[in-house]
Amino acid sequence: MLKTLGRTALCSLVSAAALTAGPASAETKLKLSHYLPPVHGIQTDFVQPWTEDVSKCTGGEVTFEVYPGGTQLGNVAKQQEQVLAGVVDLAVGLSGIPRGRFPRTSIVEMPFLTKDAGAASQTLWDLYPNYLSDEYKGLKVLALFAHNGGLIHTTAKKVETMDDLKGLRIRTPSPAISDMLTYLGATPQGLPPGEVYESLQKGVIDGTVFPWDPVASFGLNEVLKYHLDAGAYTVPFFFVMNQRKYDALPENVRACIDKYSGEALVSKFGDWWDKWDAVGRKQAEDAGHVISKLSPEERDRWREALKPMISAYLAKVKASGVDNADEIYKAMQETIAKYEK
């Protein structure tokens, strides 16, 4: 009897203590991965502030672990599948790697469609609900965006014309850009961004296509010498979350994620990319590199040479099951025209 009374008293004390302490705070830790170096603006200007804003908005209920390029979860080819599998909760990825997963979105890569990151990013976001959403099943899309018009960077040969490109082995980020380079006379070489430096250094490739910002973040100005400002292409990126994970979060947390995503986030990429590109260009200028600009006459030659490539690429997208590929391309042309500076 005394033992029973003792146990009852003990239970009462524990219960009273629990009531005095109040409910335990439940912290949710979300994993976010991307494939770029931690010094890149994607992390310093975008990912890190975004996670801090969301965490603060939730009153610390949500925190984040960020895995950049070079970590076990930072492989460029695995960002989408990691989110779908729940290995990470969110990821920033390059749409063209692995190839063929986002055929609708890839249409923004058509040559000379745009050279402006802000216009391209806003266009992708505007078209997402009606034209692109089918290829993001299982994902909560937080942003779609694209970079400024890409350049052609080379190590030993200055490129100013289509003839200069003939036979050069140029790193390519996606099937569309591979087709573009082929039609211009180059030999495209598919490589992840992190392998470009060594390939240039060893002479495995003669050059690469990139905007200015990864030239800086991957240290490529150390092995490059010539840069052609062609503004011929852009490539898209995604920022996504596992849909099941998002749906399982409390309403207040979902509201905080939504507050700092979508239009509010997409509208920042134009200015961000201008800032990021300025660093790579200044490095090249300070190093005494040769920076050329595609002449209006040569641009017209390229446009004419690439017309069959655009038709052939859209035909391939249609053959993959995207019946309205031509309609998407037209919608992108019209929407970009509204946003271009």
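Notes on the structure follow. All values derive from a computational prediction rather than experimental measurement. (Residues numbered from 1 in each chain as written. Predicted model: local features only at pLDDT ≥ 70, side-chain atom pairs only at ≥ 80, totals over all residues. Heavy atoms only, no water.)

### Section: the overall build of the chain
For step 1, the next point in the chain: Secondary structure assignment for the chain yields 14 helices and 11 strands.
For step 2, the next point in the chain: On the principal axes, the C-alpha backbone points of the chain span a range of 100 × 45 × 30 Å.
For step 3, the next point in the chain: Here the chain holds 341 residues, and the buried ones make up 53% of them.
For step 4, the next point in the chain: As presented, the chain carries roughly 15,200 Å² of accessible surface, and 53% of it is formed by carbon and sulfur atoms. (Helix = DSSP H or I, 4+ residues; strand = E, 2+ residues; numbered from the N terminus. Buried < 20%, exposed > 50% of the residue type's maximum accessible area, 1.4 Å probe, protein only. Areas by Shrake-Rupley, 256 points an atom, 1.4 Å probe, with all protein chains shown as cover.)

### As for empty space enclosed by the protein
For step 1, the next point in the chain: In the structure shown here, the tally under the stated rule is 1 cavity of 30 Å³ or more.
For step 2, the next point in the chain: Each pocket or cavity is described by its volume, and for the largest cavity that value is around 150 Å³.
For step 3, the next point in the chain: Forming the walls of the largest cavity are 19 residues, and the residues nearest its centre are Tyr-35, His-147, Phe-210, Pro-214 and Phe-237.
For step 4, the next point in the chain: Residue assignment for the lining of the largest cavity shows that the elements contributing at least two residues are strand S8 (207-210) and helix H8 (212-217). (1 Å grid on protein atoms, 1.4 Å probe; cavity = no way out; pocket = protein on both sides within 12 Å on 5 of 7 lines; lining within 4 Å. Points joined across faces, edges and corners; volume = space filled by probe spheres on them.)

### So, the sheet that holds strand S5 (residues 151-154)
For step 1, the next point in the chain: If you walk across this open sheet you meet the 6 strands as S7-S6-S8-S5-S9-S11, and the pairing is mixed. One side of each edge strand has no neighbouring strand; the edge strands of this open sheet are strand S7 (187-190) and strand S11 (290-293). Adjacent strand axes in the sheet meet at a mean angle of 25°, parallel and antiparallel pairs treated alike.
For step 2, the next point in the chain: Across 4 bridges, the pairing between strand S6 (residues 169-172) and S7 is parallel. Residue pairing across strands places Thr-172 opposite Gly-190, the latter belonging to S7. (Pairing = 2+ DSSP bridges. Axes fitted to C-alpha atoms, helices over the stretch in contact; angles between N-to-C directions.)

### Quick word on the environment of Lys-31
For step 1, the next point in the chain: Its place among the elements puts Lys-31 in strand S1 (residues 28-33).
For step 2, the next point in the chain: The exposure class assigned to Lys-31 is partly exposed, which follows from its relative accessible area of 32%.
For step 3, the next point in the chain: Put simply, Lys-31 and Asp-164 are 133 residues apart on the chain and 45 Å apart in space, counted from C-alpha to C-alpha.
For step 4, the next point in the chain: Excluding residues that lie within four positions of it along the chain, Lys-31 makes contacts with Glu-65, Tyr-67, Val-87, Val-88, Asp-89 and Leu-90. (Contact = heavy atoms within 4.5 Å.)

### Focus on the pattern of salt bridges
For step 1, the next point in the chain: Under the definition given, this model contains 16 salt bridges.
For step 2, the next point in the chain: Close ionic contact of Glu-81 with Arg-101 constitutes a salt bridge, the shortest N to O distance being 3.4 Å. Of this pair, Glu-81 sits in helix H3 (residues 79-85) while Arg-101 sits in the loop between strand S3 (90-94) and helix H4 (117-132); the two residues are 20 residues apart in sequence, bridging distant segments of the chain.
For step 3, the next point in the chain: By relative accessible area, which is 37% here, Glu-81 ends up partly exposed. (Salt bridge = Lys/Arg side-chain N within 4 Å of Asp/Glu carboxyl O.)

### Considerations on the packing of H4 against helix H12 (residues 269-286)
For step 1, the next point in the chain: Two numbers describe how H4 lies on H12: the axes approach to 7 Å, and their chain directions differ by 145°. Of the two elements, H4 crosses H12, and the hand of that crossing is right-handed. Within the contact between the two elements, H4 uses Ala-117, Gly-118 and Ser-121 and H12 uses Phe-269, Gly-270 and Trp-273.
For step 2, the next point in the chain: Of the residues belonging to the contact of H4 with H12, the class tally is 3 nonpolar, 3 polar and no charged. (Left-handed = near helix turned anticlockwise from the far one by under 90°. Nonpolar A, V, L, I, M, F, W, Y, C, P; charged D, E, K, R; others polar.)

### Comments concerning helix H6 (residues 175-183)
For step 1, the next point in the chain: When we look at burial in H6, the residues that qualify are Ala-176, Ile-177, Ser-178, Asp-179, Met-180 and Leu-181.
For step 2, the next point in the chain: Along its buried surface, H6 packs onto S6, S7, S8 and helix H13 (296-319).
For step 3, the next point in the chain: Downstream of H6 by a residue or two, Gly-185 has a phi angle that is positive, lying close to 105°.

### Quick notes on the packing of H13 against helix H14 (residues 325-339)
Helix-helix packing is described using two parameters, namely the angle between the two axes and the distance between the axes.
For step 1, the next point in the chain: Direction vectors running N to C along H13 and H14 enclose 125°, while the axes themselves pass 9 Å from each other. In this view, H13 runs oblique relative to H14, as classed from their interaxial angle. Contact residues: Ile-310, Leu-314, Val-317 and Lys-318 in H13; Ala-325, Asp-326 and Tyr-329 in H14.
For step 2, the next point in the chain: When its residues are assigned to classes, the contact of H13 with H14 shows 5 nonpolar, no polar and 2 charged. (Parallel < 35°, antiparallel > 145°, perpendicular 65-115°, else oblique.)

### Focus on the side chain of Asp-89
For step 1, the next point in the chain: Secondary-structure assignment places Asp-89 in the loop between H3 and S3.
For step 2, the next point in the chain: Lys-245 provides the closest opposite charge to the buried, salt-bridge-free Asp-89, at an N-O distance of 4.4 Å.
For step 3, the next point in the chain: At 2.8 Å, the side chain of Asp-89 forms a polar contact with the backbone nitrogen of Lys-31.
For step 4, the next point in the chain: Filtering out sequence-adjacent residues up to four positions away, Asp-89 remains in contact with Lys-29, Leu-30, Lys-31, Val-83, Val-240, Met-241, Asn-242 and Lys-245. (Lys, Arg positive; Asp, Glu negative; His and termini not counted. Polar contact = N/O pair within 3.5 Å; in protein donor to acceptor, adjacent residues only side chain to side chain.)

### With respect to the packing of aromatic side chains
For step 1, the next point in the chain: Within the structure shown, the criterion is met by 17 aromatic pairs.
For step 2, the next point in the chain: Judged by centre distance (5.5 Å) and plane angle (45°), the rings of Phe-102 and Phe-238 are tilted. Taken as a pair, Phe-102 in the loop between S3 and H4 and Phe-238 in strand S10 (residues 236-242) lie far apart in primary sequence, 136 residues in all.
For step 3, the next point in the chain: What makes Phe-102 buried here is its relative accessible area of 4%.
For step 4, the next point in the chain: Taken together, a centroid distance of 5.4 Å and an interplanar angle of 35° make the contact between Phe-237 and Trp-273 tilted. Note that Phe-237 is positioned in strand S10 and Trp-273 in helix H12, a separation of 36 residues in sequence. No difference in accessibility class separates Phe-237 from Trp-273, as the two residues are buried.
For step 5, the next point in the chain: Taken together, the aromatic side chains of Phe-46, Trp-50, Phe-64, Phe-145, Phe-237, Phe-239, Phe-269, Trp-272, Trp-273 and Trp-276 make up a single cluster linked through ring pairs. (Phe/Tyr/Trp six-rings, centres within 6.5 Å; stacked < 30°, edge-to-face > 60°.)

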